[in-house]
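# Analysis of the macromolecular model
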Amino acid sequence: MVREKSTLVAYPNPSTDKFNIVITSSSDDKIDVAIVSLLGQSMFTKKVAGGTIVLEVDATSYRPGIYVLRVRQSTGSQTLKLLKK
């Protein structure tokens, strides 16, 4: 069984107002993208098609702190820590 490779990048990180999220997947399967606070509050959710995706997330309403970016696809999942200043 061959596992599909995907990459996940968020910048600027830390950020004061927005996060640019770049997801590159070799699979065409749908991708679930979520940003969650450490208290479990859902801050952002979106379903996107596979391939290369660039999302701009407005974080101006986020309180300063750490958030978790979670990306799930049928081939696996990845997480990334985001810091809002």
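The structure under discussion appears in the preceding block.
Not measured: the values here are computed from a predicted model.

### Describing the sheet that holds strand 5 (residues 52–58)
- The strand order 1-2-5 describes an open sheet built from three strands, whose pairing is antiparallel. The two strands at the open ends of the sheet, each matched to only one other strand, are strand 1 (6–11) and strand 5. Between one strand and the next, the sheet's axes are offset by a mean angle of 15°, whatever the strand orientation.
- Bridge analysis of strand 2 (residues 18–25) against strand 5 gives seven bridges, and the strand direction is antiparallel. Along strand 5, the bridge assignment pairs lysine 18 with aspartate 58.

### Regarding the pattern of salt bridges
- Taken as a whole, this structure holds two salt bridges when the rule is applied.
- Between glutamate 56 and lysine 18 there is a salt bridge whose closest N-O contact spans 3.5 Å. Of this pair, glutamate 56 sits in strand 5 while lysine 18 sits in strand 2, placing them 38 residues apart in sequence.
- On the basis of relative accessible area, glutamate 56 is assigned to the exposed category, the value being 56%.

What counts, and where the lines are drawn
- Residues numbered from 1 in each chain as written.
- Predicted model: local features only at pLDDT ≥ 70, side-chain atom pairs only at ≥ 80, totals over all residues.
- Heavy atoms only, no water.
- Pairing = 2+ DSSP bridges.
- Helix = DSSP H or I, 4+ residues; strand = E, 2+ residues; numbered from the N terminus.
- Axes fitted to C-alpha atoms, helices over the stretch in contact; angles between N-to-C directions.
- Salt bridge = Lys/Arg side-chain N within 4 Å of Asp/Glu carboxyl O.
- Buried < 20%, exposed > 50% of the residue type's maximum accessible area, 1.4 Å probe, protein only.

What is shown is where atoms sit, not what they do.
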